[in-house]
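Descriptive analysis of the structure
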Amino acid sequence: MTIGKSTEHVKTSIQYYNPDYITLLTSEEYASTTRRKLSHWKKQYDLDGDVAVIKRLFTDESAENIMTESLRAIDVLRSAELEYIFMGITGGTMHMAAAASSAATIAGVPIFYVKQPDGEQVVQPNKDVIEMPTLGAYTRLSKLPPEALDLFRSVFTLKEDDEKGKISASEAANIGMPQGFLDYLTRQRVLEKTDESNYVFTYSGFSMVRMLHDNPNIAKLIEKQNEKLDEPDHMFG
């Protein structure tokens, strides 16, 4: 997570995700304070973590330095074989958030933001933590056959009450979709796994399905972009 002077978003994020490990990306100015805060949170929330200091934050090299530290932090978490990795972009400066978001997009890591409550409202982690899907999730969903998107859409249009938004491995198997793909969508935060064979769509997952199902231009835009990326470049061949 990015962090500056304000720290409330860190506590909210910890309460929401209950992480095993946390890396705090901060400037040289707040490095000492952040280390002290992290030492306290480790004891308070029973987690491990580290502080990554972004050097020369307000120079021409700042964006590169932020991305480098962000990608290094993601690599450390992946080497620890943690099941889920997220990038929080609430704290610090705006260009910290922008560069960290770019790094997360490159690495295929979901981004989240902690919203400031309105007026006199108290912080509610389940309400105020907003997740944003990865580009990889959009790409995979955009390449699904129509019957898959129809199935995903139907869990909202045809199911009612407590069943709305839920999908089972058996329902997916009926159209030839393996459960492993549902698990992949879980890691991308499109779905949330409720037990061994049942899932529920996250809000961002539902939003993606709705956009791709209702607006074919979005799917075409992503498909064309992917085609460009797949085209060989013979300029230096």
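Residues numbered from 1 in each chain as written. Predicted model: local features only at pLDDT ≥ 70, side-chain atom pairs only at ≥ 80, totals over all residues. Heavy atoms only, no water.

This paragraph deals with the sheet that holds strand S6 (residues 166–168). By definition, the strands of a sheet pair up through backbone hydrogen bonds, in either a parallel or an antiparallel sense. Spatially, the 3 strands line up as an open sheet ordered S6-S8-S7, and their pairing is antiparallel. Of all strands in the sheet, those with a lone pairing partner are S6 and strand S7 (191–193), marking the two edges. For this sheet, the mean inter-axis angle between neighbouring strands, taken without regard to orientation, is 30 degrees. Its contacts with the sheet put helix H7 (residues 146–157) on S6 and strand S8 (198–201), and the angle it makes with S6 is roughly 130 degrees. (Pairing = 2+ DSSP bridges. Helix = DSSP H or I, 4+ residues; strand = E, 2+ residues; numbered from the N terminus. Axes fitted to C-alpha atoms, helices over the stretch in contact; angles between N-to-C directions. Contact = heavy atoms within 4.5 Å.)

Moving on: the nonpolar core. Leu141, Phe152, Ile167, Leu185, Val190, Leu191 and Phe201 are the most contacted members of the largest nonpolar core, which has 25 residues in total. Elements supplying a minimum of two residues to this core: helix H6 (135–142), H7, helix H8 (169–173), helix H9 (179–187), S8 and helix H10 (203–214). Sequence-distant contacts of Phe152, that is, excluding residues within four places in its chain, are made with Leu141, Leu144, Ile167, Met177, Leu185, Phe201 and Val209. Among the nonpolar cores identified, the runner-up in size contains 18 residues, and Ile74, Ile85, Ala99 and Ala104 belong to it. (Core = buried A, V, L, I, M, F, W, Y, C linked by side-chain atoms within 4.5 Å. Buried < 20%, exposed > 50% of the residue type's maximum accessible area, 1.4 Å probe, protein only.)

This part takes up a negative patch on the surface. Residues Glu160, Asp161, Asp162 and Glu163 make up a contiguous surface patch of negative charge. Locating Asp162 in the fold gives a position in the loop between H7 and S6. The exposed category is assigned to Asp162, whose relative accessible area is 61%. (Patch = residues over 30% accessible without salt bridge, like charges linked within 9 Å, V, L, I, M, F, W, Y side chains within 5 Å. Areas by Shrake-Rupley, 256 points an atom, 1.4 Å probe, with all protein chains shown as cover. Salt bridge = Lys/Arg side-chain N within 4 Å of Asp/Glu carboxyl O. Lys, Arg positive; Asp, Glu negative; His and termini not counted. Charge placed at Lys NZ, Arg CZ, Asp CG, Glu CD.)

This next bit is on the pattern of salt bridges. Counted according to the given criterion, the structure contains 8 salt bridges. When the shortest N-O distance is used, the salt bridge between Lys11 and Glu8 registers 3.4 Å. Here Glu8 and Lys11 lie together in helix H1 (residues 8–17), a separation of 3 residues that amounts to about one turn. The partner of Asp128 in a salt bridge is Lys115, and the shortest N-O contact between them spans 3.6 Å. Taken together, the positions of Asp128 in helix H5 (residues 125–128) and Lys115 in the loop between strand S4 (111–114) and H5 put the pair 13 residues apart, joining distant regions of the chain.

Moving on to the environment of Leu24. Take Leu24: it is sitting in strand S1 (residues 21–27). Residue Leu24 is classed as buried on the basis of its relative accessible area of 0%. Along the sequence, Leu24 and Gly91 sit 67 residues apart, while their C-alpha atoms lie 9.7 Å from each other. Sequence-distant contacts of Leu24, that is, excluding residues within four places in its chain, are made with Met1, Ile3, Val10, Thr34, Leu38, Trp41, Asp50, Val51 and Ala52.

So, about the environment of Leu135. Within the secondary structure, Leu135 is located in helix H6. According to the relative accessible area criterion, Leu135 is exposed, its value standing at 52%.

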